[in-house]
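Coordinates in review
The residues making up each chain are set out below.
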Amino acid sequence: MSKRDYYEVLGVAKNASEAEIKKAYRRLAMKHHPDRNTGEQAGEAEKTFKQAKEAYEVLSDAQKRAAYDQFGHAGVDPSMGGGRGFGGGGASFSDIFGDVFGDIFGGARGAGGARVQRGADLRYNLDLSLEDAVAGTSVKIKVPTWAMCDSCGGSGAKKGTSPKTCSTCHGAGQVRMQQGFFSVQQACPTCHGRGSVIEDPCGACRGQGRVQETKTLSVKVPPGVDTGDRIRLAGEGEASDSGGPAGDLYVQVHVREHPIFSRDDSHLYCEVPIAFTTAALGGELEVPTLGGKVKLRIPEGTQTGKMFRMRGKGVKPVRGGPQGDLICRVVVETPVKLTEQQRGLLRQLDESLQGGGRQHSPNAHSWVDSVKGFFEKMGL
């Protein structure tokens, strides 16, 4: 049976923003989470929740979304040959629940009901040249973070020992206090909500279960990214200090300014200065593109501001769509530092042009006529 379209599952448009996708998923997850649905509706609710979770995992990741937009389910489903080249693995069912609902329900819970917190997400700002952003690249980055302690395997207990179940809360991580008619549940004061205590701490991490280190990661940057795009590396954030899953690393892209080109979505723009003789007589010149040099033909009588469009010489968008264009704006340059001979030649040219009337400079003459009419109307 074919899978439903992910955008249809979440009820959003194909051009929906990241915030709209997250909002739609949160709404569906709140409504259909199995903990909120029991009885006859539980099975259908869990099915809907899992579909929404699967759609969110793909559409909330810039790389996976681009692959899905271009190839459909085949681009992201490992069983169909897709999903290759993306950083990190997908989050588990409980990871997604803890990420979205942690602020509402106080985090996920581990064995015995003890509270388990997900590791913190991290952000890394990645500066790229325009060339690398358009073509795509792979970069090595170094990220200082908390990682799981190898000596104790994240338990916090000395090698050969293990944490003991808390005798106060019996592993629940919480205790119930009776105050008059009211019963108040709070974190266990002995284990601080972990559900266990460490009698013999690990010497490497001092009982924390994690250590500080700098990780070197390889980030695959897909072609067409732009400033503001994010690349998510699942599970590459901080390790949890309570046995929960690690957070994610978000690589925030910033594209540096380019000395020649400016970018607007999929189009590139550049200004091309030309000599006034070339503008008057026409000619041909070479202009740069990100793929090499091309010839640009300047027709006779070209004015400043004239736009020339070179089809397909722009950017292929990271989320799919046609390749943009390179748009060259001509700027006619007035000659400077003239010799006396050059000045004389220009005066001769000016006299010759003046003799031809408005045919050589129709815009200037039209403007003068408009100014004269304005002055007459104002009585000046």
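In short, a report on the structure. (Residues numbered from 1 in each chain as written. Predicted model: local features only at pLDDT ≥ 70, side-chain atom pairs only at ≥ 80, totals over all residues. Heavy atoms only, no water.)

Moving on, we come to the packing of helix α3 (residues 42–59) against helix α4 (residues 62–71). Look at α3 against α4: their axes get within 6 Å of each other, and the N-to-C directions meet at 105°. With respect to each other, α3 and α4 are oriented roughly perpendicular. Contacts between α3 and α4 pair Glu-57, Val-58 and Leu-59 from the former with Lys-64, Arg-65 and Tyr-68 from the latter. Split by residue class, the contact of α3 with α4 holds 3 nonpolar, no polar and 3 charged. (Axes fitted to C-alpha atoms, helices over the stretch in contact; angles between N-to-C directions. Helix = DSSP H or I, 4+ residues; strand = E, 2+ residues; numbered from the N terminus. Parallel < 35°, antiparallel > 145°, perpendicular 65-115°, else oblique. Contact = heavy atoms within 4.5 Å. Nonpolar A, V, L, I, M, F, W, Y, C, P; charged D, E, K, R; others polar.)

Among the structural elements, Glu-333 can be located in strand β17 (residues 326–333). In sequence terms Glu-333 and Phe-276 are 57 residues apart; their C-alpha atoms lie 5.9 Å from each other. In contact with Glu-333, not counting residues within four places along its chain, are Ile-274, Ala-275 and Phe-276.

Next up on the list: the packing of aromatic side chains. Pairs of aromatic rings are described using the distance from one ring centre to the other and the angle between the two planes. Counted under the stated rule, the structure contains 3 aromatic pairs. The interplanar angle of 40° and the centroid separation of 6.1 Å between the aromatic rings of Tyr-7 and Tyr-68 together place this pair among those described as tilted. Taken together, the residues Tyr-7 in helix α1 (residues 6–10) and Tyr-68 in helix α4 connect sequence positions 61 residues apart. You'll find Tyr-7 and Tyr-68 in the same group, each marked buried. (Phe/Tyr/Trp six-rings, centres within 6.5 Å; stacked < 30°, edge-to-face > 60°. Buried < 20%, exposed > 50% of the residue type's maximum accessible area, 1.4 Å probe, protein only.)

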